[in-house]
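# Descriptive analysis of the structure
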Amino acid sequence: MKKVSNVLLIFVFVVQLHAQHTYDSNQELASIDQDFPSASMNTQPDTGDNGFKFETFPTSINSKYSDYGIGFFREKFISFSARKIGALSKIDPNTKEPYTKIYCSDITYEWDLRRPSLFSHILNKGENLGTIAFSEDGNTIYFTKSLKEDTQTFQLYKAIMNPNREGEWINITSLPFNNPSYSIENPHLSRDGKTLYFSSNMPEAIGGFDIFKVAIVGDNTYEEVERIEGSVNTVLDEKFPQTSLDGQYLYFSSKGHNSSGGFDIYRSRKASLGYVATLNLGNTINTPKDEIAYIPATKTIGYFTSDREGGKGSYDIYKLKEYIVDQKVSGTIRDTQTQILLEGATVILLDADGEEVGTAVSDKKGQYSFPVDAFLDYTLLSYKEGFKRNSTSFDTNTNLVTTFEANLTLDAKPAEIVETKEKAFIKIENILFDYNSSRIKEISTITLNTVIATLEANPDIKIAINAHTDVRGSSAYNLKLSKERAASSMRYLLSKGIPKSRLTSEGYGESQPLIDCTSCNEEQHEINRRVEFIIIRE
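Anyway, here's the lowdown on the structure attached to this text.

### Points about unusual backbone geometry
In this structure, Glu-75 is a non-glycine residue whose phi angle is positive, near 65 degrees. Tracing the chain through its elements places Glu-75 in the loop between strand 2 (67-73) and strand 3 (76-81). Residue class for Glu-75 comes out partly exposed when judged on its relative accessible area of 29%. The backbone of Ala-277 shows a phi angle near 50 degrees, a positive value even though the residue is not glycine. Along the chain, Ala-277 turns up in strand 18 (residues 274-280).

### A closer look at the packing of aromatic side chains
Note on aromatic pairs: each is described by the distance of the centres and the angle between the planes. Overall, the coordinates contain 24 aromatic pairs when judged by the stated rule. Between the aromatic rings of Tyr-251 and Tyr-294, the centroid separation amounts to 4.3 Å while the plane-to-plane angle is 25 degrees, which identifies the pairing as stacked. Here Tyr-251 is found in strand 16 (residues 249-254), whereas its partner Tyr-294 is found in strand 19 (residues 291-296), with 43 residues between them in sequence. Per residue, the accessibility class of Tyr-251 equals that of Tyr-294, and both read buried. Judged by centre distance (5.7 Å) and plane angle (20 degrees), the ring pair of Phe-252 and Tyr-266 falls under stacked. A residue pair is termed long-range when its members are at least 10 positions apart, and Phe-252 in strand 16 and Tyr-266 in strand 17 (residues 264-271) qualify at 14 residues. The burial state of Phe-252 is the same as that of Tyr-266; both residues are buried. The ring of Tyr-157 is capped by Lys-145, whose NZ or CZ atom sits 4.9 Å from the centre of that ring.

### Regarding the environment of Ile-443
Counting through the fold element by element, Ile-443 comes out in the loop between strand 31 (424-427) and helix 1 (444-457). For Ile-443, a relative accessible area of 36% corresponds to the partly exposed category. Sequence separation between Ile-443 and Leu-432 is 11 residues; the distance between their C-alpha atoms is 7.8 Å. Beyond its immediate chain neighbours, meaning those up to four positions away, Ile-443 contacts Ile-340, Leu-341 and Leu-432.

What counts and what doesn't
- Along each chain, numbering runs from 1 in the same order as the chain's sequence is written.
- The model is predicted, so local features are restricted to residues of pLDDT at least 70 and side-chain atom pairs to those at 80 or more, both for listing and for counting; the totals for chains, interfaces and linings are taken over all residues.
- With hydrogens and water excluded, all non-hydrogen atoms of the structure serve as input to the side-chain values.
- Think of it this way: any DSSP run of H or I at least four residues long counts as a helix, any run of E at least two long counts as a strand, and we number them from the N terminus.
- The cut-offs for exposure are 20% and 50% of the maximum accessible area for each residue type, with area from a 1.4 Å probe on protein chains only; residues under the lower value are buried, those over the upper are exposed, and the others partly exposed.
- Ring pairs shown here join Phe, Tyr and Trp side chains whose ring centres sit within 6.5 Å, with only the six-membered ring taken for Trp; geometry is labelled stacked below 30 degrees between planes, edge-to-face above 60, and tilted in between.
- In this scheme, Lys NZ or Arg CZ marks a charge over a ring once it lies within 6 Å of the ring centre and within 35 degrees of the ring normal.
- Note on contacts: a residue pair qualifies if any of its non-hydrogen atoms lie within 4.5 Å across the two residues.

Such coordinate-based values are descriptive only and should not be taken to indicate function.
Below, the structure is given as structure tokens:
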């Protein structure tokens, strides 16, 4: 059997039929269509796949009654169902189906479900049972059950497992924020066990049911209940909260957000200001019927519940497979003016909150690359010594594209003027030439352009272009080569509009080394092999 992580994916599965139904076949869902008529008058827009691709399959435990998924507990799949067990099953007067009970099922290698059996005889008695949530260690449970006098209103309870008897739940307590005037449903416990999510139509809701959270600060101590911040809740119903395996997203079902009809499944990203960037999971999973209670099992496998056409009962549990690809953003860094590819530029990837996700350095071809996630907003920040910083933003609006392209350009800064007691000069990186040639390498035109920018910003200064070689080769050859390289540098400045009256050029060969060495290493040779731009003082 395929192993399911003890991460305990706890979810809430509750359902609401459409407005034409007399009763809600999921007892944990109270209809709000009468209070909000627009809930049953959706424009049903075509969202398309919205960048998602799912394949769905009915599971083998669906019955002719209503079946709803919940999550996982110790390598079993947990559901609640109105399936009839025994001849004397108690009938809900509203739904005309048996009262719902909690079941557990085996999970096959193909993630299908088998052999549902009652989960707990202690919990499965009396009123309707709804969704439940477990702590990560499986020793604490939060569960919902309906009021005796109202099978449509649920309250939330906590129990712990008897340490001396596996599977026996004891110390059942009502949570302090229960109130018979409103329903509390769909509990979901965060992975760290510190936050309990649920849906409720309590007075603080914007409209109908909203998703709330409460911090757990002790064994039976809770902070104030608060509606979650961000773009999740609307004036229509939001239910079935479920955090993703990495805790970065909140899955939920909603009649709002311009759904395609009934409840659709959505995803919101966790941010500093709440849950934002709410996305419909698209028409490869959502239909004009109700799709609820998305439960991720792995990165690509999960479950949900729906009353879509072709089902076996009123509501059925479906397995889903999501098709995703590994994604990256890549591009090049170029000099703005020359469009020359820049090696050694630093690129920083920032998320929508400005947090650094990764850092890279462009290679010899000016290229960089980062892995990214789908459906996020990113910013790329790039810088290099001698250049101004630049940035660009992009979004990954699908999980089906392997590579997003984002190219950047950097503006070279004007070269710095340095004043010393001995001389004033324009400070630059060394000008590079082809081997034993006065031909300027293309990359050095960027450096010469920074000299031009400085000369244009300071129209009164004149410069002497002085070229020097290392000691290798004959003195006569080095003198000739240095004169040619100085002249070549001056010709480039002239070609860009600098007046000849502001320029002189001269070569000094090997006669003025910066490092006087008889057996120089390569680094010393490179320092001595240079072109200087000396400011001529009047």
